[in-house]
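# Chain and residue survey
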Amino acid sequence: MSQVTSLPKLNYQTIRQYLLEGTEIAIVDLREEHIFAQGHPLFATNISLSRIEVEIYNRIPRLDSIVVIYDDGESLVERAYPRLIELGYTQLFVLEGGLKGWAQQGGELIYRCKFCQ
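One structure accompanies this document, and this report is about it. Since we're looking at a predicted model, the values are computed, not measured. (Residues numbered from 1 in each chain as written. Predicted model: local features only at pLDDT ≥ 70, side-chain atom pairs only at ≥ 80, totals over all residues. Heavy atoms only, no water.)

The secondary structure content of the protein chain amounts to five helices and seven strands. Ordering the α and β elements of the protein chain from the N terminus gives β-α-β-α-β-β-α-β-α-β-α-β. Expected size for 117 residues packed as a compact globule is a radius of gyration near 13 Å; at 14 Å, the protein chain falls within 12% of this value. Taken over the C-alpha atoms alone, the protein chain extends approximately 40 × 35 × 30 Å along its principal axes. Relative to all contacts within the protein chain whose residues are 6 or more apart in sequence, the contacts with residues 24 or more apart total 67%. (Helix = DSSP H or I, 4+ residues; strand = E, 2+ residues; numbered from the N terminus. Rg over C-alpha atoms; globule rule 2.2 N^0.38 Å. Contact = heavy atoms within 4.5 Å.)

Printed below as a string of structure tokens:
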């Protein structure tokens, strides 16, 4: 059984409410940049697992910020979660259902324009 089942989660509706209220929240896509560009939630930022230690403090400097991490079933969340806890993040959550869960619960996805390259 996947470790992700025991990690604290937030769903799309809760994240949406935080955004509407103006609550500070970071939605972090752990996939590589070229995969992120193919489709991701509105308001998500990309910090790939391979660069998490290098970029996280610059992108999310406050350790008490609400941080929601997700992938698309690649098991990146299970590897990133303990790293981020070790780095000091105190309000760390996993997106319930990952990328598919976001879309299934009504969350908008942004796709790269294939004709704009």
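Attention shifts here to the side chain of Ser-48. Within the secondary structure, Ser-48 sits in the loop between strand 4 (44-46) and helix 3 (52-59). For Ser-48, the residues in contact, after removing those within four places along its chain, are Asp-29, Leu-30, Arg-31 and Glu-32.

Here we come to the pattern of salt bridges. Inspection of the entire model under this criterion finds six salt bridges. Measuring nitrogen to oxygen at the nearest pair gives 2.9 Å for the salt bridge that ties Arg-62 to Glu-24. Of the two residues, Arg-62 is situated in the loop between helix 3 and strand 5 (66-70) and Glu-24 in the loop between helix 1 (12-21) and strand 2 (25-29); the sequence distance between them amounts to 38 residues. The partner of Asp-29 in a salt bridge is Arg-31, with the nearest N and O atoms 2.7 Å apart. Arg-31 matches Asp-29 in its accessibility class, with the two residues each being buried. (Salt bridge = Lys/Arg side-chain N within 4 Å of Asp/Glu carboxyl O. Buried < 20%, exposed > 50% of the residue type's maximum accessible area, 1.4 Å probe, protein only.)

Val-28, Leu-30, Ile-56, Ile-60, Ile-69 and Leu-84 are the most contacted members of the largest nonpolar core, which has 20 residues in total. Put simply, the parts of the chain that give this core at least two residues each are strand 2, helix 3, strand 5, helix 4 (76-86) and strand 6 (91-95). Sorting elements by how many residues they give to this core places helix 4 first, with five residues. Setting aside residues up to four positions removed in sequence, Ile-60 forms contacts with Ala-26, Val-28, Ile-47, Ser-65, Val-67 and Tyr-89. Listed in part, the 14 residues of the second largest apolar core include Ile-27, Ile-66, Leu-99 and Leu-109. (Core = buried A, V, L, I, M, F, W, Y, C linked by side-chain atoms within 4.5 Å.)

Functional significance is not addressed by these values, which are geometric in nature.
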